[in-house]
Amino acid sequence: GQQLNQSPQSMFIQEGEDVSMNCTSSSIFNTWLWYKQDPGEGPVLLIALYKAGELTSNGRLTAQFGITRKDSFLNISASIPSDVGIYFCAGKLNSGNTPLVFGKGTRLSVIA
Amino acid sequence: DGGITQSPKYLFRKEGQNVTLSCEQNLNHDAMYWYRQDPGQGLRLIYYSQIVNDFQKGDIAEGYSVSREKKESFPLTVTSAQKNPTAFYLCASSTLGSTQYFGPGTRLLVL
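Source: prediction; values computed, not measured.

A. Region of the structure containing the overall build of chain A. Scanning chain A for helices and strands turns up zero helices and eleven strands. Along chain A, helices (α) and strands (β) appear in the sequence β-β-β-β-β-β-β-β-β-β-β when read from the amino end. Across its three principal axes, chain A shows a C-alpha extent of roughly 40 × 30 × 20 Å. Here chain A, with 112 residues, has 45% of them falling under the buried criterion. Long-range contacts, defined here as pairs at least 24 residues apart, represent 54% of the contacts in chain A between residues at least 6 apart. Averaged over its 8 positive side-chain charges, chain A has a centre that lies 12 Å from the centre of its 8 negative ones.

B. Local environment of the side chain of Thr95(B). By secondary structure assignment, the location of Thr95(B) is in the loop between strand S9 (87-94) and strand S10 (101-102). When sequence neighbours within four positions are dropped, the list of residues in contact with Thr95(B) reads Asn97(A), Asn28(B), His29(B) and Asp30(B).

C. Seen up close, the interface of chain A and chain B. With 22 residues of chain A at the contact, the number on the chain B side is 26 residues. Summed over both partners, the interface of chain A with chain B comes to about 1,800 Å²; 54% of that surface belongs to carbon and sulfur atoms. Summed over the three residues of chain A that lose the most area to chain B, namely Asn97(A), Pro99(A) and Phe102(A), the buried surface amounts to 33% of that side. In this assembly, chain A and chain B are joined by one salt bridge. In this structure, Lys9(B) and Glu41(A) form a salt bridge, with 4.0 Å as the shortest nitrogen-oxygen distance. Looking at the side of chain A that touches chain B, the elements with two or more residues in it are strand S4 (31-37), strand S5 (44-49) and strand S9 (85-92) of chain A. Here the side of chain A that touches chain B gets three residues from one element, more than from any other, and that element is S4(A).

D. The arrangement of the side chain of Ser49(B) in detail. All names here are of chain B. By the secondary structure assignment, Ser49 is in strand S5 (residues 43-51). A polar contact of 2.6 Å, which involves the side chain of Ser49, links it to the backbone oxygen of Asp54. Setting aside anything within four residues of it in sequence, one finds Ser49 in contact with Asp30, Ala31, Met32, Asp54, Phe55, Arg68 and Phe74.

What counts, and at which threshold
- Residues numbered from 1 in each chain as written.
- Chains lettered and ligands numbered in written order.
- Predicted model: local features only at pLDDT ≥ 70, side-chain atom pairs only at ≥ 80, totals over all residues.
- Heavy atoms only, no water.
- Helix = DSSP H or I, 4+ residues; strand = E, 2+ residues; numbered from the N terminus.
- Buried < 20%, exposed > 50% of the residue type's maximum accessible area, 1.4 Å probe, protein only.
- Contact = heavy atoms within 4.5 Å.
- Lys, Arg positive; Asp, Glu negative; His and termini not counted.
- Charge placed at Lys NZ, Arg CZ, Asp CG, Glu CD.
- Buried area = accessible area lost by both parts, 1.4 Å probe.
- Salt bridge = Lys/Arg side-chain N within 4 Å of Asp/Glu carboxyl O.
- Polar contact = N/O pair within 3.5 Å; in protein donor to acceptor, adjacent residues only side chain to side chain.

This is the structure in structure tokens:
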């Protein structure tokens, strides 16, 4: 099946640093989503993007829906220890109830 | 509380045994999904159902079966034909105009 190219695969950063990760695809999506997964738990939705060029913030998190509709990025500012986890991007090809296409995730580690 | 529940949290299976993982939602969502997650891997779609009494295979359906007799419930059976069933299983749901929400997951271990 389709997959998104998510990078980087993993990151080790110092507490207080900013973080950036992105997803690219050869297909056009009409929705981009970013999830965070804590160990042993289900992914939790962080940000949903519905329009090309849209820039949306949720606290210290900011995500953008690329103009070409083939990419998206997520920034985390001033990282804290509880930001540790796996971040997944997901794209939706149409507005129906079709399954999401997921990236393989970015594993974030924060060093205090 | 509205949400998606999965039970049990941990499940053990003996070789050659079928096991069923439960997924229930009270969000009134039309669509439900099952994913498998292996260490270091992303989420792989097993089956999904867009309406009651209908479901479609995902990318890795072999060795699994599902049913959707009620809107709220979408149980997944891991059959003995699934040769490598040890994984973390995630259920999700969505409805038109909404994004997809996940349950807490079930970890299946083979003894």
